[in-house]
Amino acid sequence: MKNYLSFEDLLTALGLSESSGNYGAVNKFNYLGKYQMGEEALSDAGYYKKNALNSSKNNTWNGQFTGKDGVYSKNDFLNNHQAQENAIREYMKKQWQYAKHFGHDKYIGKKINGIEITPSGLLAGMHLKGVGGVNDYLKNNGKVTVADGYGTDVSKYLKNFANYDVTEITDSNYYGPNLNRSKTEAMDKYLNNGNNLIKGVTAKVNPPEPLSNDFVKTTPVPPPLSREEWLKKIRRERMGISW
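In short, a report on the structure. Please read all numbers here as calculations on a predicted model, not as lab measurements.

**Structural notes on the overall build of the protein chain**
Turning to step 1, where the next piece is worked out: Looking only at helices and strands, the protein chain has 10 helices and 6 strands in total.
Turning to step 2, where the next piece is worked out: Considering the protein chain as a whole, with its 243 residues, one finds that 47% of them fall into the buried category.
Turning to step 3, where the next piece is worked out: Residue pairs at least 24 apart in sequence account for 58% of intrachain contacts in the protein chain once pairs closer than 6 positions are excluded.
Turning to step 4, where the next piece is worked out: Accessible surface, the protein chain as shown: approximately 12500 Å² in total, 46% of it carbon and sulfur.

Right under this line is the structure:
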């Protein structure tokens, strides 16, 4: 089995690729922060509303920030590390909705130009060139060049960011373990549920009922785990896998 690559590992790698991990970065195309997010991305994430009079122009930043997470300006966003981490998660959730709408998830497990299409690769590719760019690449079976302003091809992101665990984004019942199923039964369910396998676990499942909000928020966490680490441990146990 391959080494487990978490969603946090993906964000670290993506941030390094986009800005060398610099929350205060602004590039020549006026993209902002660690993940180099533009007006469209921050609009999808709920942090920004574009100016309707300049809707066809990207990153003029003459629209209005919404105040989400205390962000009312570019400088607020650049200086708010947590807002940037929250924004990339909200943006990816929105992008995954777009991916499913356009049928990109149906390509998972297939190979294009020798690159296996994975959920994490799709999310990274959409971060680079948007849902439209990835759509062009997939629909044309990789026979078109889809690159950003620096010449980085979307195929590079599809390849370099493959095989990370992004179920936090793709599974709406991420924190919903089935506590009554044995590990063997759980593994059998996941391995027999399709061809979309990532590190031995299928990306497409029929998840059980999620845990209640009261359970997630108030149940004591066994030390030395943080609540987030504990909930992720539950998620992995739900899959029948331990790391």
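Structure's up, so let's keep going.
**Structural notes on the nonpolar core**
Considering soluble globular proteins, one finds that nonpolar side chains tend to be buried as a cluster.
Turning to step 1, where the next piece is worked out: Within the largest apolar cluster, 46 residues are counted, with the highest numbers of intra-cluster contacts made by M37, L42, M92, L122, Y137 and L138.
Turning to step 2, where the next piece is worked out: When contributions to this core are tallied by element, the ones reaching two or more residues are α1 (7-19), α2 (39-44), α3 (74-78), α4 (81-101), α5 (119-139) and α6 (154-160).
Turning to step 3, where the next piece is worked out: At 9 residues, α5 tops the list of elements feeding residues into this core.
Turning to step 4, where the next piece is worked out: Those residues in contact with Y137 that sit more than four places away from it in its chain are I112, N113, I115, G142, V144, V146, D153, V154, S155 and L158.

**Notes on the packing of aromatic side chains**
Two aromatic rings, taken as a pair, are described by how far apart their centres are and by the angle between their planes.
Turning to step 1, where the next piece is worked out: Counted by the stated rule, this structure contains 6 aromatic pairs.
Turning to step 2, where the next piece is worked out: Their ring planes at 70° and their centres at 4.9 Å tell us that Y48 and W61 sit as a pair that is edge-to-face. Here Y48 is found in strand β1 (residues 48-49), whereas its partner W61 is found in the loop between β1 and β2 (64-65), with 13 residues between them in sequence. In this structure, Y48 and W61 share a single accessibility class: buried.
Turning to step 3, where the next piece is worked out: Linked through ring pairs, Y48, W61 and F65 together constitute an aromatic cluster.

**Some words on the pattern of salt bridges**
Turning to step 1, where the next piece is worked out: Applying the stated rule across the entire model yields 7 salt bridges.
Turning to step 2, where the next piece is worked out: Across the salt bridge formed by K34 and E85, the nearest N and O atoms sit 3.0 Å from each other. Residue K34 is located in the loop between α1 and α2, and its partner E85 is located in helix α4; the two are separated by 51 residues in the primary sequence. With respect to burial, K34 and E85 carry one shared label: buried.
Turning to step 3, where the next piece is worked out: Residue K50 is joined to E40 by a salt bridge in which the shortest nitrogen-to-oxygen separation is 3.0 Å. With a gap of 10 residues between them, K50 in the loop between β1 and β2 and E40 in helix α2 connect regions that are remote in the sequence.
Turning to step 4, where the next piece is worked out: Classification of K50 as partly exposed rests on a relative accessible area of 23%.

**Remarks on α4**
Turning to step 1, where the next piece is worked out: The terminal C-alpha atoms of α4 lie 31 Å apart, and with 21 residues this matches the ideal 30 Å at 1.5 Å per residue to within 8%.
Turning to step 2, where the next piece is worked out: When we look at burial in α4, the residues that qualify are A83, Q84, E85, A87, I88, R89, Y91, M92, Q95, W96 and A99.
Turning to step 3, where the next piece is worked out: For α4, the elements touching its buried residues are α1, α2, α3, α5 and α7 (167-170).

**Details of α1**
Structurally, the α-helix is built with 3.6 residues per turn, so residues lying three or four positions apart point the same way.
Turning to step 1, where the next piece is worked out: For α1, spanning 13 residues, the distance from its first C-alpha to its last is 18 Å, which sits close to the expected 18 Å at 1.5 Å a residue.
Turning to step 2, where the next piece is worked out: Tucked into the core, α1 has its buried residues touching α4, α5, α6 and α7.
Turning to step 3, where the next piece is worked out: The opening residue of α1, the one whose side-chain oxygen lies 3.3 Å from the backbone nitrogen of E8, is S6.
Turning to step 4, where the next piece is worked out: Directly beyond the C-terminal end of α1, a positive phi value near 60° is found at S20.

**Topic: the side chain of R89**
Turning to step 1, where the next piece is worked out: With respect to the element layout, R89 can be found in helix α4.
Turning to step 2, where the next piece is worked out: A distance of 3.5 Å separates polar atoms of two side chains, one belonging to R89 and the other to E168.
Turning to step 3, where the next piece is worked out: In this view, R89 contacts F7, E8, L11, E168 and I169; residues no more than four positions away in its chain are not counted.

**Notes on unusual backbone geometry**
What you tend to see is this: most non-glycine residues have negative phi, and most peptide bonds are trans.
Turning to step 1, where the next piece is worked out: Unusually for a residue other than glycine, S20 sits at a positive phi of about 60°.
Turning to step 2, where the next piece is worked out: Considering the arrangement of structural elements, one finds S20 in the loop between α1 and α2.
Turning to step 3, where the next piece is worked out: For S20, a relative accessible area of 63% gives the class exposed.
Turning to step 4, where the next piece is worked out: Phi at N59 is positive, roughly 60°, even though this residue is not glycine.
Turning to step 5, where the next piece is worked out: Here N59 shows up in the loop between β1 and β2.

Rules and cut-offs
Residues numbered from 1 in each chain as written. Predicted model: local features only at pLDDT ≥ 70, side-chain atom pairs only at ≥ 80, totals over all residues. Heavy atoms only, no water. Helix = DSSP H or I, 4+ residues; strand = E, 2+ residues; numbered from the N terminus. Buried < 20%, exposed > 50% of the residue type's maximum accessible area, 1.4 Å probe, protein only. Contact = heavy atoms within 4.5 Å. Areas by Shrake-Rupley, 256 points an atom, 1.4 Å probe, with all protein chains shown as cover. Core = buried A, V, L, I, M, F, W, Y, C linked by side-chain atoms within 4.5 Å. Phe/Tyr/Trp six-rings, centres within 6.5 Å; stacked < 30°, edge-to-face > 60°. Salt bridge = Lys/Arg side-chain N within 4 Å of Asp/Glu carboxyl O. Expected span 1.5 Å × (residues − 1). Polar contact = N/O pair within 3.5 Å; in protein donor to acceptor, adjacent residues only side chain to side chain.

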